[in-house]
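Structure at a glance
For reference, the chains in residue letters:
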Amino acid sequence: MTQLEFYQAKLAYEIDAADVKAALDAGEKLILIDTRATSAFARETIPGALSLPHRTMSAQTTAALPRDALLVPFCDGIGCNGSTNGAIKLLQLGFRVKELQGGLDWWKRDGYATVGSHAVAASSIHCAC
């Protein structure tokens, strides 16, 4: 694999917060999947995200998800592999997937709001790469 192929592949498999926000604002069919425990989801998550813990993913728990949408699993951040585990399971179940880089942590660092009992407001700090 060449260096160019590596970076192209990386963009095929990952997405950052700014690209997710732009896709959502443009009305693209993208569904955020919070792969953490439901208690973590209740504390704080990304607006519009669905709670689907990676440990419970199966054909039955994902049956209602649209097959034509891009699914974007996420977890707390780079110290958590829940989004990677979720991405693997969703791919095995036949979905299109891109993992959110940096998860909820980088979503907030980019200045985007969250929802839940410990939600944070949006800030004026945006990478918008």
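Our subject is the structure listed above.
Residues numbered from 1 in each chain as written. Predicted model: local features only at pLDDT ≥ 70, side-chain atom pairs only at ≥ 80, totals over all residues. Heavy atoms only, no water.

**Details of the environment of G86**
Selection rule: Working definition: helices are DSSP H or I runs of at least four residues, strands are E runs of at least two. Numbering for both runs from the N terminus. Throughout this description, buried means an accessible area under 20% of the type-specific maximum (1.4 Å probe, protein chains only), exposed means over 50%, and partly exposed covers the range between. Between two residues, a contact is recorded if the distance between any of their heavy atoms is within 4.5 Å.
Following the sequence through the fold, G86 ends up in helix α4 (residues 82-92). Judged by relative accessible area, G86 falls into the buried class, the value being 0%. Ignoring anything within four residues of it in the chain, the contact list for G86 reads T35, H54 and M57.

**Observations concerning the sheet that holds strand β4 (residues 70-74)**
Hydrogen bonds between backbone groups are what pair the strands of a sheet, and the pairing can be parallel or antiparallel. Selection rule: DSSP bridges decide pairing: two strands pair if at least two such bridges lie between them. For every element, the axis is a line fit to its C-alpha atoms; helices are fit only across the contacting stretch, and the angle between N-to-C directions ranges from 0 to 180 degrees.
Read across the sheet, four strands follow the order β3-β2-β4-β5 without closing on themselves; strand pairing throughout is parallel. Bordering the open sheet on either side are β3 (50-51) and β5 (96-97), each of which pairs with just one other strand. The sheet contact formed by β4 and β5 spans two bridges and is parallel. Among the inter-strand pairings, L71 is bridged to a residue of β5, identified as V97. The sheet strands contacting α4 are β4 and β5, and the helix crosses β4 at an angle near 150°.

**Describing a nonpolar patch on the surface**
Defined as follows: In this analysis, a patch consists of residues with relative accessible area above 30% that form no salt bridge, clustered at 9 Å for like charges and at 5 Å for the nonpolar side chains Val, Leu, Ile, Met, Phe, Trp and Tyr. Each accessible area is a Shrake-Rupley result for a 1.4 Å probe, and residues are judged covered by the shown protein chains and nothing else. In what follows, salt bridge is the name for a side-chain nitrogen of Lys or Arg lying within 4 Å of a carboxyl oxygen of Asp or Glu.
Judged by side-chain polarity, M1, F6 and Y7 come together as a nonpolar surface patch covering roughly 390 Å² of accessible area. Mapping Y7 onto the fold places it in helix α1 (residues 3-13).

**Quick look at the side chain of T45**
Defined as follows: Here a polar contact means two N or O atoms within 3.5 Å. Within protein one must be a hydrogen donor candidate and the other an acceptor candidate, and residues neighboring in sequence count only if both atoms are side-chain atoms.
Structurally, T45 is set in the loop between α3 (38-43) and β3. Of the polar contacts made by the side chain of T45, one reaches the side chain of D34; its length is 2.7 Å. Among residues more than four places away in sequence, those in contact with T45 are D34, R36, F74, L104, T114 and V115.

**Quick word on the pattern of salt bridges**
The final tally for this structure, using the stated rule, is six salt bridges. A salt bridge links D68 to K29; the nearest nitrogen and oxygen atoms lie 3.1 Å apart. Taken together, the positions of D68 in the loop between β3 and β4 and K29 in the loop between α2 (17-25) and β2 (30-34) put the pair 39 residues apart, joining distant regions of the chain. Taking relative accessible area as the criterion, K29 reaches 45% and is therefore assigned partly exposed. Salt-bridge contacts for R109 lead to D105; the nearest nitrogen and oxygen are separated by 3.0 Å. Taken together, the residues R109 and D105, both in helix α5 (residues 103-109) and four residues apart, mark about one turn of the helix. Residue classification places R109 among the exposed positions, given a relative accessible area of 58%. Here the salt bridges share partners, and the residues they tie into one network are D34, R36 and D76.

**Quick look at α2**
Since the α-helix advances by 3.6 residues per turn, residues separated by three or four positions end up pointing in the same direction. Taken as a whole, α2 has its buried residues at A17, A18, V20 and A23. Residues of α2 that are buried sit in contact with β1 (14-15), β2, β4, β6 (99-100) and α5. Two residues or fewer after α2 comes G27, characterised by a positive phi angle close to 80°.

**Notes on the nonpolar core**
Rule in force here: To form a nonpolar core, buried Ala, Val, Leu, Ile, Met, Phe, Trp, Tyr and Cys residues must be joined to one another through side-chain atoms within 4.5 Å.
Counting residues in hydrophobic clusters, the biggest one holds 16 residues, and the most contacted among them are V20, L30, L32, I46 and V72. Listing elements by their share of this core, those giving two or more residues are α2, β2, β4 and α5. It is α2 that provides the largest number of residues to this core, a total of four residues. Dropping the residues within four chain positions of it, L32 is found in contact with V20, L24, I46, P47, A49, L50, V72 and F74.

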